[in-house]
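Observations on chain architecture
The primary structure of each chain is shown beneath.
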Amino acid sequence: MLNNRERIGDTGINWLEAALGIGKNRRKTIGFGAYNKKTKEYEDSFYIRELSIINGGIGCALWDAAIILTRYIYEFGELIFSNKKVIELGAGVGLCGICASRFASECYITDVSHLVENLEYNLSINYNYDEEDDFMKCKDSKIKKYKDHMKSHGKVLELDWYKIYKEIPEALRKRELKEEEELKKQLSNELLENEEEKELKNDNNKKEKDEEILEVPSKDCDIIIGSELTYNGDHGLIEALMKVIDTFLSETGIFLEILSDDRDGVSYFVNEITKPERYGYICKSFKVHDRYMGNFGTNQRPETYKFYVLTRSSNANNELFLKMCETMSTKSDDSVSVQVDQKQ
């Protein structure tokens, strides 16, 4: 199989059903924790609205890989993601980022512009609750705490990877200049003495806002996550992705991706990002444990998956990296350092 050629096969998409569903949305409930046979409910749940694939593309649907990654985040959220700055790239319907926002100090759920509105909807339906409504109230105090945390720490942003070459660096530069200016004002203890000065300050703030090119996530993120981001061999897209990761990841940060074994983009991505003369990352892969598999409800064809954990080579002995690798390790499949060869 050529690395730059996507494997042809049954995708699991019912194209007739998709075509007939143009303009139609559907909501899914994804259960977590113990299952109560009497009430037929899970201990905990997330709610996701899918859009029509015909209208919005592959990113409008929920796929197996995202459910697997969310199951991992749900299990190890307190240990790995608590009080960490997190970005989900290529979020699609946002399940992984929504779960991570329960634990993170900041969680940016990002994708291209036409998916932002649905991401905002999905985030909101997972943090909203009403204790006076039997349907909307929280099942217990722990879930209520998670929802409150999610509301104040989760944020949806547009993030087009191709803007990493111009618009994103420009936005980051302007934000840094603005933060420096605000710090100078605080240190100099500037006081507004009269209404004219207030009005002048408001005018200046408006001009600064008008000059902003793009709202972007915070730099120096601890963890960046993604599901099937390198699913094909589009080198241009993968080059942009690598630059996005390297721009927003802290010096000790970790990139975590889940990929099916039946994907062509992974070899180019791993080979390029681990080259010392390029980004110099190290990469470990882990076969997904059986406990994360099955009961997806997506009608996607069965596939096998691996987690890919990457960090800068200088970070090989960092506590968070080692801890994440340890959570991935299983008796059935020990971790291995990855060096993916190009397949001919």
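Here, every reference points to the structure presented above.
Source: prediction; values computed, not measured.

A count of helical and extended segments in the chain gives eleven helices and ten strands. A separation threshold of at least 6 residues defines the contact pool for the chain, and within that pool the share at least 24 residues apart is 76%. Summed over its atoms, the accessible surface of the chain is roughly 18,600 Å², and 48% of this surface lies on carbon and sulfur atoms.

Counted under the stated rule, the structure contains 17 salt bridges. For the salt bridge of Arg26 with Glu50, the shortest nitrogen-to-oxygen distance reads 2.9 Å. Taken together, the residues span a long stretch of sequence, with Arg26 in strand S1 (residues 26-36) and Glu50 in strand S2 (residues 41-50) at a distance of 24 residues. Several salt bridges share partner residues, and in doing so they unite Glu239, Glu272, Lys275 and Arg278 into one network.

Moving on: a negative patch on the surface. On the surface, Glu176, Glu179, Glu180, Glu181 and Glu182 cluster together into a negatively charged patch. Tracing the backbone shows Glu179 in helix H7 (residues 167-187). By relative accessible area, Glu179 is classed as partly exposed at 46%.

Even without being glycine, Asn83 reaches a positive phi, approximately 60°. Phi at Asn295 takes a positive value of approximately 55°, unusual for a residue other than glycine. The topology assignment puts Asn295 in the loop between strand S8 (281-287) and strand S9 (305-312). The exposed category is assigned to Asn295, whose relative accessible area is 75%.

One finds Tyr72, Ile73, Phe81, Ile225, Leu256 and Phe307 to be the most contacted residues of the largest nonpolar core, which totals 51 residues. Of the residues forming this core, the biggest block, ten residues, is contributed by helix H3 (residues 64-81). Those residues within four positions of Phe307 in sequence are excluded, and the remaining contacts are Ile68, Leu69, Tyr72, Leu256, Glu257, Ile258, Lys284, Ser285, Phe286, Val288, Tyr292 and Met328. One finds Leu159, Ala240, Tyr268 and Tyr281 within the second-largest nonpolar core, a separate group that totals 34 residues.

Working definition: an aromatic ring pair is given by the centre-to-centre distance plus the angle between the planes. Taken as a whole, this structure holds ten aromatic pairs when the rule is applied. Centroid distance Phe46 to Tyr74: 6.5 Å. Interplanar angle 85°. Geometry classified as edge-to-face. Residue Phe46 is located in strand S2, and its partner Tyr74 is located in helix H3; the two are separated by 28 residues in the primary sequence. Judged by relative accessible area, which is 1%, Phe46 ranks as buried. Pairwise contacts between aromatic rings join Tyr72, Phe76, Tyr292 and Phe307 into one cluster.

It is worth spelling out the pairing of strand S7 (residues 249-260) at this point. Burial analysis of S7 places ten of its twelve residues in the buried class, the great majority of the element. Looking at chain direction, strand S6 (residues 221-227) and S7 are connected through six bridges and run parallel. Looking at the pairing, Ser227 lines up with Ile258 of S7. Between the parallel pair S6 and S7, the chain is carried across by helix H9 (residues 235-248), and the sense of this crossover is right-handed. Sheet topology note: the S7/S9 ladder contains six bridges and is antiparallel. If you follow Leu259 over to S9, its bridge partner there is Lys306.

Taken residue by residue, helix H11 (residues 319-328) has Leu320, Phe321, Met324, Cys325, Thr327 and Met328 as its buried positions. Buried residues of H11, seen end-on, are gathered within an arc of 160° and therefore sit on one face of the element. Exposed side of H11, more than 90 degrees from the buried face: Glu319 and Glu326 are the residues found there. Tucked into the core, H11 has its buried residues touching H3, S6, S7, S8 and S9. A side-chain oxygen of the first residue of H11 lies 2.9 Å from the backbone nitrogen of Leu320; this N-cap is Asn318.

Moving on, we get to the environment of Leu322. Assignment of secondary structure puts Leu322 in helix H11. Judged by relative accessible area, which is 40%, Leu322 ranks as partly exposed.

Moving on, we come to the packing of H3 against H11. Relative orientation of the contacting elements H3 and H11 amounts to 145°, with a least axis distance of 11 Å. Crossing geometry of H3 relative to H11 is assigned as right-handed. Of the residues in H11, those in contact with Tyr72, Phe76, Leu79 and Ile80 of H3 are Leu320, Lys323, Met324, Thr327 and Met328. Among the residues forming the contact of H3 with H11, the class breakdown is seven nonpolar, one polar and one charged.

Basis of the calculations
Residues numbered from 1 in each chain as written. Predicted model: local features only at pLDDT ≥ 70, side-chain atom pairs only at ≥ 80, totals over all residues. Heavy atoms only, no water. Helix = DSSP H or I, 4+ residues; strand = E, 2+ residues; numbered from the N terminus. Contact = heavy atoms within 4.5 Å. Areas by Shrake-Rupley, 256 points an atom, 1.4 Å probe, with all protein chains shown as cover. Salt bridge = Lys/Arg side-chain N within 4 Å of Asp/Glu carboxyl O. Patch = residues over 30% accessible without salt bridge, like charges linked within 9 Å, V, L, I, M, F, W, Y side chains within 5 Å. Lys, Arg positive; Asp, Glu negative; His and termini not counted. Charge placed at Lys NZ, Arg CZ, Asp CG, Glu CD. Buried < 20%, exposed > 50% of the residue type's maximum accessible area, 1.4 Å probe, protein only. Core = buried A, V, L, I, M, F, W, Y, C linked by side-chain atoms within 4.5 Å. Phe/Tyr/Trp six-rings, centres within 6.5 Å; stacked < 30°, edge-to-face > 60°. Pairing = 2+ DSSP bridges. Right-handed = clockwise from strand over helix to strand, strands pointing away. Arc of directions from axis to C-beta. Polar contact = N/O pair within 3.5 Å; in protein donor to acceptor, adjacent residues only side chain to side chain. Axes fitted to C-alpha atoms, helices over the stretch in contact; angles between N-to-C directions. Left-handed = near helix turned anticlockwise from the far one by under 90°. Nonpolar A, V, L, I, M, F, W, Y, C, P; charged D, E, K, R; others polar.

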